[in-house]
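Chain residues, written in single-letter form:
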Amino acid sequence: MAFKLNDISDNEGARKDRMRVGRGIGSGKGKTAARGQKGQKSREGVAIKGFEGGQMPLHMRLPKRGFNNPFGKDYAEVNLGMVQKFIDAKKLDAKKDIDHAALKAAGLARGGKDGVRLLGKGELTTKATFTVAGASKGAIEAVEKAGGKVEVIAAAQPESEKKSARTEANKASKKAGKKAG
């Protein structure tokens, strides 16, 4: 039996026309167009997530936990063991000063908008100088034991402390001005 291109067709029932709703009561899907009756849910594009029919929703019944500190610092935490690994792999140069920029360039410090905090996990055998925003006691001891040095940069003063320092300075200058005059 030879096939001809004009004889080829789909199997019966393989392609189905889409349902045309709202086209008269005789179609079976007229009037409410299979959406039930009135109200918000019969309209298009409405999703009432978490609504429980006026009952207090589950996400509001459960207790709240945790706290987001608005003054918390965001440090990129780096362990000494990983620093040693990167030095051995020649991704970090121990002869140069190791700071946030160097660690970020090597791919060791991700994020940390307030700088890098050095932690003492792992072992450091190479002599290196670190300039970081913070370091644990153990990390400082380990770096100094290897013959290196850790320089901790003073963090920027918070705005509220700057403001109080300015007001105190202004008061002191006013008092000095009155005594002179």
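A brief structural summary. Counting of residues starts from 1 at the beginning of each chain's written sequence and follows it residue by residue. Reporting of local features is limited, given that this is a predicted model, to residues whose pLDDT is at least 70; pairs of side-chain atoms are given and counted only at 80 or more, and all residues count toward the totals for whole chains, interfaces and linings. Each side-chain value is derived from all of the structure's non-hydrogen atoms; neither hydrogens nor water enter the calculation.

All right, on to the overall build of the protein chain then. To qualify as a helix, a DSSP run of H or I must reach at least 4 residues; to qualify as a strand, a run of E must reach at least 2; elements of each kind are numbered from the N terminus. Along the protein chain, the regular secondary structure elements total 5 helices and 5 strands. In the protein chain, the succession of α and β elements from N to C terminus is α-β-α-α-β-β-β-α-β-α. The quantity called the radius of gyration is restricted to C-alpha atoms. Its globule counterpart is 2.2 Å times the number of residues to the power 0.38. For 181 residues, the compact-globule formula gives about 16 Å, and the C-alpha radius of gyration of the protein chain, at 35 Å, lies well above that figure. For the protein chain, the C-alpha atoms occupy an extent of roughly 100 × 70 × 35 Å along the three principal directions. Relative to its full complement of 181 residues, the protein chain shows a buried share of 19%. The long-range share in the protein chain, meaning contacts at least 24 apart out of those at least 6 apart in sequence, stands at 42%. Each accessible area value is a Shrake-Rupley result obtained with a 1.4 Å probe; residue values ignore everything except the protein chains displayed when judging cover. For the protein chain, the exposed surface amounts to about 15100 Å²; the carbon and sulfur share of it is 52%. Exposure categories follow from relative accessible area, calculated using a 1.4 Å probe and restricted to protein chains: below 20% of the type maximum is buried, above 50% is exposed, and the middle band is partly exposed. Here, residues are in contact when the closest pair of their heavy atoms is within 4.5 Å.

What follows concerns a nonpolar patch on the surface. Within this analysis, patches are made of residues with over 30% relative accessible area and no salt bridge. Like charges are joined at 9 Å or less; nonpolar side chains (Val, Leu, Ile, Met, Phe, Trp, Tyr) at 5 Å or less. Just to be clear on terms, a salt bridge is a Lys or Arg side-chain nitrogen sitting within 4 Å of an Asp or Glu carboxyl oxygen. A cluster of nonpolar side chains, namely Met-1, Phe-3, Leu-5 and Ile-8, defines an oily patch on the protein surface of about 650 Å² accessible area. Of note, Phe-3 is situated in the segment before α1 (58-61). The exposure class of Phe-3 is exposed, given its relative accessible area of 70%.

Here the focus is the sheet that holds strand β2 (residues 116-119). When DSSP finds two or more bridges between a pair of strands, those strands are recorded as paired. Read across the sheet, 3 strands follow the order β1-β2-β4 without closing on themselves; strand pairing throughout is parallel. Either end of the sheet is taken by a strand with one partner, and the two such strands are β1 (76-79) and β4 (134-135). Where β1 and β2 come together, 4 bridges link them in parallel fashion. What sits directly across from Val-78, in β2, is Leu-118. To get an axis, a line is fitted to the C-alpha atoms, and for a helix only the part in contact is used. The angle between two axes follows their N-to-C directions and goes from 0 to 180 degrees. The strands touched by helix α2 (residues 80-88) within the sheet are β1 and β2, with β1 carrying the most contacts at an inclination of about 70 degrees.

Here we take up the packing of aromatic side chains. Aromatic pairing here means that ring centres of Phe, Tyr or Trp (its six-membered ring) are within 6.5 Å. Orientation follows from the plane angle: under 30 degrees is stacked, over 60 is edge-to-face, and everything else is tilted. The full count for this structure, using the stated rule, is 0 aromatic pairs. It is Lys-91 that lies over the ring of Phe-86; its NZ or CZ is 5.2 Å from the centre. We call a charge positioned over a ring when the NZ of a Lys or the CZ of an Arg lies within 6 Å of the ring centre and within 35 degrees of the ring normal.

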